[in-house]
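Spelled out from the first residue to the last, the chains are:
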Amino acid sequence: MSRILIIGAGGVGNVVAKKCAQHPEVFEEIVLASRTRAKCDAIAAEIKQLYNVTVQTAAVDADSVPQLVALLNVIKPQLVINVALPYQDLAIMDACLECGVNYLDTANYEPPDSAHFEYSWQWAYQDRFRDKGLMAVLGCGFDPGVTNIFCAWAQKHHFDSIKTIDILDCNAGDHGHPFATNFNPEINIREVTQVVRHWRDGQWIETPPILDDDCVHFSFDYPEAGPRESYLLYHEEMESLVRHIRGLKRIRFWMTFGQAYLTHLKVLENVGMTRIDAVDYEGHKIIPLRFLKALLPDPGSLGTNYTGKAVIGCVFDGVKDGRQSRKYIYNVCDHAEAFREVQAQAVSYTTGVPAMIGAMMMLTGEWRGAGVYNVEQLDPDRFMDCLNRFGLPWQIVDFDGRLPE
Ligand code: NDP
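Residues numbered from 1 in each chain as written. Predicted model: local features only at pLDDT ≥ 70, side-chain atom pairs only at ≥ 80, totals over all residues.

A short note on the environment of proline 86
Inference 1: On the secondary structure map, proline 86 appears in the loop between β4 (79-82) and α4 (89-99).
Inference 2: Along the backbone, proline 86 and valine 397 are 311 residues apart, and their C-alpha atoms lie at a distance of 34 Å.
Inference 3: Apart from residues no more than four positions distant in its own chain, proline 86 is found in contact with Ala107, Asn108, Tyr109, Glu110, Phe117 and Ile187. (Helix = DSSP H or I, 4+ residues; strand = E, 2+ residues; numbered from the N terminus. Contact = placed C-beta atoms within 7 Å.)

Quick word on the pairing of strand β10 (residues 217-222)
Inference 1: The sheet contact formed by β10 and strand β11 (residues 226-232) spans 6 bridges and is antiparallel. From the neighbouring strand, phenylalanine 220 faces β11, where its bridge partner is arginine 228.
Inference 2: If you look at the hairpin formed by β10 and β11, you'll find 3 residues sitting between the two strands, and glutamate 224 has a positive phi there, around 65°. (Pairing = 2+ DSSP bridges.)

Let's talk about the pairing of strand β5 (residues 102-105)
Inference 1: Here β5 shows two buried faces, one formed by Asn102 and Leu104 and the other by Tyr103 and Asp105.
Inference 2: Where β4 meets β5, 4 bridges bridge the pair, whose relative direction is parallel. Within the sheet, the bridge partner assigned to valine 80 lies in β5 and is tyrosine 103.
Inference 3: On the question of chirality, the crossover connecting β4 to the parallel β5 by way of α4 is right-handed. (Buried ≥ 20, exposed ≤ 12 C-beta atoms within 10 Å, placed from the backbone. Right-handed = clockwise from strand over helix to strand, strands pointing away.)

Here's the deal with the domain arrangement of the protein chain
A common way to state how big an interface is: give the accessible area lost once the parts meet.
Inference 1: Split into domains, the protein chain comes out as domain 1 (3-138) and domain 2 (146-343 + 393-398).
Inference 2: Each of domain 1 and domain 2 was reduced to a C-alpha centroid, and the two centroids are 24 Å apart.
Inference 3: The interface of domain 1 with domain 2 comprises 14 residues on the first partner and 13 residues on the second.
Inference 4: If one sorts the elements of the side of domain 1 that touches domain 2 by residue count, helix α1 (residues 11-21) sits on top with 5 residues.
Inference 5: Considered class by class, the residues forming the side of domain 1 that touches domain 2 number 6 nonpolar, 4 polar and 4 charged. (Domains from an automatic or database assignment. Nonpolar A, V, L, I, M, F, W, Y, C, P; charged D, E, K, R; others polar.)

Focus: the nonpolar core
Inference 1: By size, the foremost hydrophobic cluster in this structure holds 120 residues, and its most contacted members are Leu32, Ala136 and Ala359.
Inference 2: The element that contributes the greatest number of residues to this core is helix α13 (residues 346-363), accounting for 12 residues.
Inference 3: Taken together, domain 1 (3-138) and domain 2 (146-343 + 393-398) each give at least three residues to this core, which thus spans both.
Inference 4: Not counting chain neighbours up to four residues away, the residues in contact with leucine 32 comprise Ile6, Ala9, Gly13, Ala17, Cys40, Ile43, Ala44, Val55 and Thr57. (Core = buried A, V, L, I, M, F, W, Y, C linked by C-beta atoms within 7 Å.)

Some thoughts on the site of the ligand
Inference 1: By nearness alone, 33 residues border the ligand, and Gly10, Val12, Ala62, Gly141 and Phe183 come closest of all.
Inference 2: Sorting elements by how many residues they give to the shell around the ligand places α1 first, with 3 residues.
Inference 3: Considered class by class, the residues forming the shell around the ligand number 15 nonpolar, 13 polar and 5 charged.
Inference 4: The two domains that each donate at least three residues to the shell around the ligand are domain 1 (3-138) and domain 2 (146-343 + 393-398). (Near = placed C-beta within 6 Å.)

Describing the environment of alanine 152
Inference 1: Of note, alanine 152 is situated in helix α7 (residues 146-157).
Inference 2: When the 22 C-beta atoms within 10 Å are taken as the criterion, alanine 152 is described as buried.
Inference 3: Sequence-wise, alanine 152 and valine 375 are 223 residues apart; in three dimensions their C-alpha atoms are separated by 8.4 Å.
Inference 4: Residue contacts for alanine 152: discarding those within four places in its chain leaves Glu376 and Pro380.

This is the structure in structure tokens:
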């Protein structure tokens with residue numbers, strides 16, 4: 001009997017729970033837990049109505065290892081799917097180790113008091129997971145996640161060596177709000193306001209943040225979305241890919257931003273609303289970015305009127321059988337179609353579906369191992385097949401476009 005515990009009932013948690021419920025042959029029992037139990041109950045009620053599947057719910061503060069351990073000891077799942085916030089990753093991994101449970105997440109650990117994310121904290125769990133015979137799979141959303149799988153699959157089937165990778169993430173959708181973020185506003189704004197890094201010839205090169213006049217950007221012609229201004233950004237999957245892709249000389253990550261989004265964000269930054277340190281407000285301490293999050297639309301609610309598409313993929317330049325080869329592998333996800341299926345916008349959808357597929361790989365034994373893994377270290381073939389079958393079909397084409405040097 002397979003039993004999973006999903007932690008986090010936001011935009012992504014909703015998609016993961018619904019996609020798992022669509023596959024009762026693999027996910028025989030589903031428990032959904034989060035800080036606010038009412039959000040879990042609302043998702044469980046929708047799942048009952050949509051698929052006639054019963055999802056148990058629970059309240060948990062996932063910052064508390066004792067609370068997590070108590071919950072895991074009652075539920076006794078084979079696997080925890082962590083789709084709460086990056087702040088909770090280490091506490092959930094600690095609890096999994098204590099209770100002998102496998103682990104999967106979609107975002108790497110980030111300390112709340114410093115806008116800095118990297119894998120070192122979670123890679124440090126390698127020996128403890130290996131010694132207990134448990135598997136932890138890190139970063140199994142879309143980016144990180146599917147982008148890493150595209151790299152592993154390209155390396156396995158299309159290249160003898162890959163020289164450069166450009167990951168291109170385009171959201172060409174329109175949610176109708178003047179300013180909103182597509183996943184948790186606090187995590188999103190921390191990510192996009194930092195100094196940019198990319199990797200070239202063995203070192204990380206820093207360039208200005210996307211709000212700076214000197215930031216690096218260019219127009220890329222995305223399939224189905226057309227030309228969009230794309231900004232160089234630091235993204236976590238690059239940190240593991242430079243370790244695991246043979247012969248890599250350069251890797252960059254690009255994301256599209258509309259001018260209205262950038263203008264709003266610049267104003268918010270200039271007036272101090274993106275600060276993550278505590279400030280005094282009428283005798284209380286408040287963190288401006290957390291207060292801003294309370295004012296912004298809940299990303300899980302954006303789907304209702306969302307139109308347009310998200311297009312995310314990787315361009316590879318490398319060598320196959322002694323010849324230069326350039327390939328582009330990408331997925332196009334339609335916001336309105338995602339909403340029709342699981343009442344979520346495409347960014348939650350493209351994160352939740354791969355988390356479900358990764359969990360399926362682990363429960364069926366397709367992915368097995370003891371220790372901490374980034375997804376590109378695992379076999380990509382069945383995962384690629386599942387993307388086509390479970391809602392995120394991909395294309396591979398020869399690439400003849402232009403990228404900045
Ligand atoms: P949301 O803010 O919509 O949801 C987060 C959920 O986690 C909420 O239900 C929240 O509860 C819960 N939560 C927060 N803190 C705790 C806690 N201490 N204990 C228990 N539950 C808690 O975020 P998203 O669904 O948009 O994102 C979820 C995750 O997915 C994030 O880590 C994000 O970085 C990641 N992500 C990954 C992507 C990828 O492609 N790899 C892309 C997009 C997102 P409450 O409602 O009570 O606040």
